[in-house]
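# Fold and geometry: a report
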Amino acid sequence: MSRWTKGLNPEQRAAVEHGEGPLLVLAGAGSGKTRVITHRVANLMEAGVGGEAILAVTFTNKAAGEMRERLQRMVGPAARAVTMSTFHALGLSMLREELGRGRKGKGARFVIYDTGDQLACLRTLAGRLRLRRTYDLEAVLARISAWKNAFVEPGATPEGDDDYAQVAAIFYPAYEEALRALAAVDFDDLVVRPTRMLEREPACRERWAGRFRHVLVDEYQDTNGSQLRMLRALAGGHRNLCVVGDDDQAIYGWRGAEVRHILEFERDFAPCKVVALERNYRSVARVLELANAVIAGNAARHPKRLVPTREAGPAVRLVVLEDGDAEAAWVAEEIEARLRERRFRPGQVAVLYRSNRLAQALETGLRAQRVPYRVLGGRSFFDRKEVKDLVAYLRVCHSPADAISLRRVINFPPRGIGPATVEKLAAWAEAESQPLFRAVERAAEALGPGDRALPALAQFWGVIGRAARRLREGGDLLAGVQALVEDIGLHDEVLDSAQSGAAAERRWAGVADLLAGVRGYAARAERPSLREFLSQITLADLDKDKEEEDRGERVTLSTLHGAKGLEWACVFLVGMEEGILPHERILNPSVADMESGDLSEERRLCYVGITRAKDELTLTRAARRVLHGKPRERAPSRFVSELPGTLLEVVDRAAPPPEADVREHLRKIKAMLGGPGSG
DNA sequence: GGCTATGCTTTTTTT
DNA sequence: AAGCATAGCC
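Described in the following lines is the structure provided in the data block. (Residues numbered from 1 in each chain as written. Chains lettered and ligands numbered in written order. Predicted model: local features only at pLDDT ≥ 70, side-chain atom pairs only at ≥ 80, totals over all residues. Heavy atoms only, no water.)

Let us look at the overall build of chain A. Across its full length, chain A holds 32 helices and 19 strands. Across the 679 residues in chain A, those meeting the buried criterion constitute 52%. Look at the contacts in chain A between residues 6 or more apart in sequence, and 77% of them connect residues 24 or more apart. With the model as given, the accessible surface of chain A reaches about 31200 Å², and the carbon-plus-sulfur share is 50%. (Helix = DSSP H or I, 4+ residues; strand = E, 2+ residues; numbered from the N terminus. Buried < 20%, exposed > 50% of the residue type's maximum accessible area, 1.4 Å probe, protein only. Contact = heavy atoms within 4.5 Å. Areas by Shrake-Rupley, 256 points an atom, 1.4 Å probe, with all protein chains shown as cover.)

Put into structure tokens, the structure is as follows:
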């Protein structure tokens with residue numbers, strides 16, 4: 001028995017000790033999944049497999065980081081040689097390296113478009129295709145993404161689908177062409193394009209498949225079609241592919257993940273060793289009972305139960321509060337009491353919710369109780385306008401061909417270059433078959449020598465030129481960015497454009513955070529470059545540095561998606577209502593939605609939330625909640641109302657609804673006291 | 001042609 | 001509550 005199999009149960013040990021060939025680990029929640037992966041890697045290394053020959057793929061940077069840390073604790077610095085990465089980050093390095101092989105590595109100069117950039121791109125295309133404003137571009141984008149991940153070429157989209165698919169079929173070729181012209185790749189490209197190269201170019205396949213002698217995949221139930229093909233291309237030769245997952249925790253169907261990948265792995269990679277981990281080491285028995293009961297409501301699944309190894313624990317509570325604010329306030333008070341009584345440290349507590357919008361009220365409640373917290377995930381940071389604007393400047397400096405970013409900043413801060421001028425520039429560029437930035441460069445030619453916008457354009461292009469020079473390889477990245485911020489007068493712009501002092505402060509904090517991110521990156525990176533920084537901020541969390549700092553000192557707020565793979569001693573699962581969990585959009589799918597709602601995925605989401613709790617679990621719901629502006633009576637989530645009463649201890653703290661005239665009276669009093677929210 | 005204010009809508013989850 | 005589109009104003 002090797003040192004890495006001591007203390008494991010027989011199934012875990014079998015998975016860790018398995019040698020060559022396909023391995024499927026069906027790992028129930030809390031069954032020691034990450035442990036199996038890290039121990040397996042350590043065991044392989046002890047058996048003489050070099051760290052550089054091992055690839056471990058996860059879905060989030062958080063998971064990758066956590067895994068690396070655990071491995072480091074086990075094998076020390078040798079862990080650094082192991083590639084631990086997300087599919088997207090792996091695809092990015094493959095793309096950079098492969099495209100960099102071309103003459104002078106020119107092809108490797110590209111930017112990564114996130115969803116917002118993709119939509120901006122579609123919006124400009126809509127104008128050009130004369131399809132303006134008629135279509136839900138997000139729905140179009142969803143179709144295009146699905147096609148890309150299924151390797152459907154732009155000209156070969158299936159006919160006879162719904163209206164949205166027909167519109168998307170028009171957009172798709174134009175979109176792909178646009179990305180090429182913009183020197184941009186989207187998230188899907190990061191997996192699809194390297195996979196295509198692996199499949200088509202034997203030399204490329206040799207380089208990468210030969211490099212990784214063992215491939216391990218976490219959360220396999222969340223792989224989509226292109227990711228599976230990438231794995232096939234990488235591990236199809238030696239077949240040393242170990243996948244770990246749980247069909248009950250498949251929660252990414254909406255972005256193309258297919259549960260059947262894990263259900264069919266045995267057949268896909270036969271002959272294949274299968275190990276099932278059902279013993280749960282995480283949660284007290286009462287939590288597991290609830291989890292088992294909730295997930296049993298799903299028909300299509302590997303029937304299995306989590307087997308408890310711990311004591312019964314306290315009863316799981318379902319607490320009913322009056323409204324959303326009362327719910328948040330009550331949760332915050334409960335948490336504060338637990339911290340005060342030293343029953344938990346902040347880092348052991350989490351509040352989980354279905355959608356990000358529930359976070360605001362909770363933040364308010366926790367602030368009121370002076371409970372330190374962090375909000376996990378939520379792309380919110382990069383969605384902040386001032387951050388996006390600054391990043392767009394940096395992108396234009398790095399790659400002037402990025403016309404989406406160029407359009408974003410050409411008149412920011414406002415300098416008198418309006419839509420009409422931009423369209424003239426675009427028309428000239430189109431006619432001359434030149435990128436948009438050439439039109440800016442040669443504005444006199446594009447607009448005519450007397451145009452009013454010429455000075456502004458010259459000034460703008462001067463700013464970009466200066467910044468680009470400062471930000472070139474080898475320069476001081478932080479100083480360069482600071483000088484750019486200075487040059488565009490971002491500080492004044494943020495101050496002037498904000499409605500209030502507080503808003504200005506918040507906005508400037510966004511810029512400051514980005515600068516801190518640059519500083520952190522420059523300190524961390526071996527060879528800091530603008531290109532690498534831009535890639536990282538699109539793919540990863542900038543808050544990483546901040547998180548490391550105070551690990552364990554803060555209560556976590558997270559969506560259910562963001563919470564997967566994590567655990568806390570004390571968990572609050574809020575918003576247990578029809579319309580929130582399960583989500584409205586699943587119950588009443590709109591025409592733009594690709595497939596009719598998948599209720600089973602919502603149930604799995606609920607299951608994921610429940611199984612995050614180790615010692616104590618509380619579910620809450622509000623009897624009324626303000627949604628779409630108006631307060632509405634809320635029905636309890638079917639996931640709890642259909643359960644036998646023995647599994648939950650129901651606590652009703654909601655007052656009966658006030659009569660309409662009383663409510664009106666209250667509203668008037670509140671208005672007199674200075675409006676709602678002033679309390 | 002460009003900017004600003006007002007009125008209007010709008011809400012899933014993430015790489 | 002915030003973001004977006006439209007309309008009106010400079």
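If you walk across this open sheet you meet the six strands as β3-β2-β6-β7-β1-β8, and the pairing is parallel. Looking along the sheet, the strands with just one partner apiece sit at the ends: β3 (83-86) and β8 (273-277). Taken over all neighbouring pairs, the strand axes of this sheet differ in orientation by 15 degrees on average, direction set aside. Helix α2 (residues 33-46) rests against β1 (23-27), β2 (54-58), β6 (214-217), β7 (241-245) and β8 of the sheet, and its axis sits at about 170 degrees to β6. The sheet strands contacting helix α10 (residues 225-235) are β2, β6 and β7, and the helix crosses β6 at an angle near 160 degrees. (Pairing = 2+ DSSP bridges. Axes fitted to C-alpha atoms, helices over the stretch in contact; angles between N-to-C directions.)

Now for the nonpolar core. In terms of nonpolar packing, the biggest core is built from 78 residues, with L122, F171, Y393, L425, L457 and F460 touching the most fellow members. Sort the elements by how many residues they give to this core and helix α7 (residues 163-182) lands first, with nine residues. The residues touching Y393, leaving out its near neighbours within four places in the chain, are V409, F412, P413, R415, F460, V463, I464, L484 and I488. Core analysis: the second largest hydrophobic core is formed by 38 residues, L288, L290, A291 and C606 among them. (Core = buried A, V, L, I, M, F, W, Y, C linked by side-chain atoms within 4.5 Å.)

Let us now look at the side chain of N292. Checked against the element boundaries, N292 lands in helix α13 (residues 285-295). When its relative accessible area of 7% is taken as the criterion, N292 is described as buried. In this structure N292 touches K304, R305 and L306, once residues within four positions along its chain are discounted.

Here the focus is α7. The end-to-end C-alpha distance of α7 is 28 Å, a good match for the 28 Å that 20 residues give at a rise of 1.5 Å each. Largest kink in α7: about 30 degrees, centred on F171, with the proline P173 one to four residues after it. Among the residues of α7, Y164, A165, V167, A168, F171, Y172, Y175, E176, A178, L179 and L182 are the ones counted as buried. For α7, the secondary structure elements touched by its buried residues are β4 (111-113), α5 (115-128), α6 (137-149), β5 (184-186), α8 (187-200) and α18 (403-409). Following α7 by one or two positions, A183 has its phi on the positive side, about 55 degrees. (Expected span 1.5 Å × (residues − 1). Bend = angle between axes of the 7 residues up to and from the residue.)

Right, let's get into the packing of aromatic side chains. Within the structure shown, the criterion is met by 11 aromatic pairs. Each ring, one from F460 and one from W461, has its centre 6.2 Å from the other, and the planes form 50 degrees; the classification is tilted. Grouping residues by exposure puts F460 and W461 together as buried. Ring centres of Y521 and F533 lie 5.4 Å apart, and the angle between their planes is 50 degrees; this geometry places the pair in the tilted category. Placement of Y521 in helix α25 (residues 501-524) and of F533 in helix α26 (residues 530-539) is noted, with a sequence separation of 12 residues between them. (Phe/Tyr/Trp six-rings, centres within 6.5 Å; stacked < 30°, edge-to-face > 60°.)

The next subject is the pattern of salt bridges. On inspection of all chains with the given rule, the structure shows 50 salt bridges. K564 serves as the salt-bridge partner of E219, at 3.4 Å between the closest nitrogen and oxygen. In this pair, E219 sits in the loop between β6 and α10 while K564 sits in the loop between α28 (560-563) and β15 (568-573), placing the two residues 345 residues apart along the sequence. The exposure class of K564 is buried, given its relative accessible area of 12%. The shortest N-O distance in the salt bridge between R310 and E311 comes to 3.4 Å. (Salt bridge = Lys/Arg side-chain N within 4 Å of Asp/Glu carboxyl O.)

What follows is about the packing of α8 against helix α9 (residues 202-211). The packing of two helices is summarised by the inter-axis angle and the distance between the axes. Here α8 crosses α9 at 110 degrees, and the two axes come no closer than 5 Å. Classified by the interaxial angle, the pair formed by α8 and α9 is roughly perpendicular. Of the residues in α9, those touching α8 at M197, L198, E199 and R200 are P202, C204, R205 and W208. Of the residues in the contact of α8 with α9, the class split is five nonpolar, no polar and three charged. (Parallel < 35°, antiparallel > 145°, perpendicular 65-115°, else oblique. Nonpolar A, V, L, I, M, F, W, Y, C, P; charged D, E, K, R; others polar.)

The next thing to look at is the environment of R286. The residue R286 is located in helix α13 in this model. Put simply, R286 and R604 are 318 residues apart on the chain and 18 Å apart in space, counted from C-alpha to C-alpha. In contact with R286, other than residues within four places in its own chain, are A312, G313, P314, A315 and V316. At 2.3 Å, the side chain of R286 forms a polar contact with the backbone oxygen of G313. (Polar contact = N/O pair within 3.5 Å; in protein donor to acceptor, adjacent residues only side chain to side chain.)

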